[in-house]
Amino acid sequence: MSSIKIETAVKEKNRMGECPIWEERENALVYVDINSQKVCRWNSVTNEVYSVSVDARVGSVALRKCGGYVIALGTRFAFLNWETESVTNIVELEQDKPNNRFNDGKVDPKGRFFAGTMAEETEPGVRARRQDGCKVLYQLEKEEQMPDGMCIDTEGKLWVACIDGGRVIRLDPETGKRIQTVMLPASRITSCCFGGKDYSEMYVTSAYDGLDQAALAKEPRAGEIFKITGLGVKGIPQYSYIA
């Protein structure tokens, strides 16, 4: 296995960075800052970050085949036109649940965008833990804390960001065994994706919301986006929303 290297890709800090996706046509990493209500795009060539503000917490973003993005914000699905910074609502759901909002979302191989809802945090960055009716693939160790965003590599293995665990772990979904752990310089690790020219780089989002002043002093890189190289595996390109 190659020597693993961890560096900061995006120094601009996120309150709650989430849902990173690699956009080949722009050589860019697209992601959201949920609590800042922004969709962001980091250009890997110029090292510049651009963002579009929206009117609600935005839980996830995905590519569209025709260009632009589909987003899940508040309790709505919507299209985001990056050039005009305009948001076009598609549908609003769960209007009978005023404390709910969309969280993470992904596009499947058929081009469908799936996103789940959750109750609003009781405090910024604090989530209730609940696992009802789920099949257990892997039981996290105490120090791994709680699973968050995930991605899959070309070998069919699952990479899981461990929020409050300061790491990403690689799991074998066939055996339910942990294969690898990569520690990161921030505790609130929220999600991960593969990207770069040949999808051999992993990008990992983090958050600083939920940390008090003492914790922030110990974690000066909290909220940054990290790039991991030397993992010895590659990811697959992002699926795009078909509409």
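Before reading on, note that the structure itself is shown above.
Here goes a summary of the coordinates provided. Being a predicted model, the structure only gives us computed values, none of them experimental.

Conventions we followed
Residues numbered from 1 in each chain as written. Predicted model: local features only at pLDDT ≥ 70, side-chain atom pairs only at ≥ 80, totals over all residues. Heavy atoms only, no water. Core = buried A, V, L, I, M, F, W, Y, C linked by side-chain atoms within 4.5 Å. Buried < 20%, exposed > 50% of the residue type's maximum accessible area, 1.4 Å probe, protein only. Helix = DSSP H or I, 4+ residues; strand = E, 2+ residues; numbered from the N terminus. Contact = heavy atoms within 4.5 Å. Pairing = 2+ DSSP bridges. Axes fitted to C-alpha atoms, helices over the stretch in contact; angles between N-to-C directions. Salt bridge = Lys/Arg side-chain N within 4 Å of Asp/Glu carboxyl O.

1. A look at the nonpolar core
Soluble, globular proteins show a tendency: their nonpolar side chains are buried together.
Phase 1: Ranked by internal contacts, the top residues of the largest apolar core, which has 27 residues, are W159, V168, M202 and V204.
Phase 2: Those elements giving two or more residues to this core turn out to be β1 (5-10), β3 (28-33), β4 (38-43), β13 (158-163), β16 (189-195), β17 (201-206) and β18 (225-229).
Phase 3: Tallying contributions element by element places β16 first for this core, with 4 residues.
Phase 4: Those residues in contact with V204 that sit more than four places away from it in its chain are V168, L184, I189, S191, C192, E224, I225, F226 and I228.

2. Comments concerning the sheet that holds β13
Phase 1: Across the sheet, which stays open at both edges, the 4 strands sit in the order β12-β13-β14-β15 with antiparallel pairing between neighbours. One side of each edge strand has no neighbouring strand; the edge strands of this open sheet are β12 (146-152) and β15 (177-183). Pairs of neighbouring strands in the sheet enclose a mean axial angle of 25 degrees, with direction left out of account.
Phase 2: Note that strand β14 (residues 167-172) and β15 share 6 bridges and pair antiparallel. Its bridge partner being in β15, V168 is matched across the sheet by V182.

3. Topic: the environment of Q37
Phase 1: Tracing the chain through its elements places Q37 in the loop between β3 and β4.
Phase 2: On the accessibility criterion, Q37 (27% relative accessible area) is partly exposed.
Phase 3: Sequence separation between Q37 and Y199 is 162 residues, and the spatial gap between their C-alpha atoms is 28 Å.
Phase 4: In this structure Q37 touches V52, S53, V54, D55, A56, R57 and V58, once residues within four positions along its chain are discounted.

4. Side note on unusual backbone geometry
Phase 1: Despite not being glycine, N27 shows a phi value in the positive range, around 50 degrees.
Phase 2: Summarising the element assignment, N27 is placed in the loop between β2 (17-23) and β3.
Phase 3: With relative accessibility at 39%, the residue N27 sits in the partly exposed group.
Phase 4: Despite not being glycine, N47 shows a phi value in the positive range, around 65 degrees.

5. Structural notes on the pattern of salt bridges
Phase 1: Scanning all chains against the criterion turns up 16 salt bridges.
Phase 2: For the salt bridge of D209 with R15, the shortest nitrogen-to-oxygen distance reads 2.9 Å. Placement of D209 in the loop between β17 and α1 (213-218) and of R15 in the loop between β1 and β2 is noted, with a sequence separation of 194 residues between them.
Phase 3: Residue R15 is classed as partly exposed on the basis of its relative accessible area of 27%.
Phase 4: Of the charged contacts in the structure, one is a salt bridge between R221 and E224, with a shortest N-O distance of 3.5 Å.
Phase 5: The exposure class assigned to E224 is buried, which follows from its relative accessible area of 8%.
Phase 6: When salt bridges that share partners are traced, they join K13, R221 and E224 into one network.

6. Quick look at the environment of I6
Phase 1: Along the chain, I6 falls in strand β1.
Phase 2: Residue I6 is classed as partly exposed on the basis of its relative accessible area, which comes to 30%.
Phase 3: Separated by 109 residues in sequence, I6 and A115 have C-alpha atoms that sit 30 Å apart.
Phase 4: Leaving out residues up to four positions away in the same chain, I6 has contacts with V182, M183, L184, P185, F226, K227 and I228.

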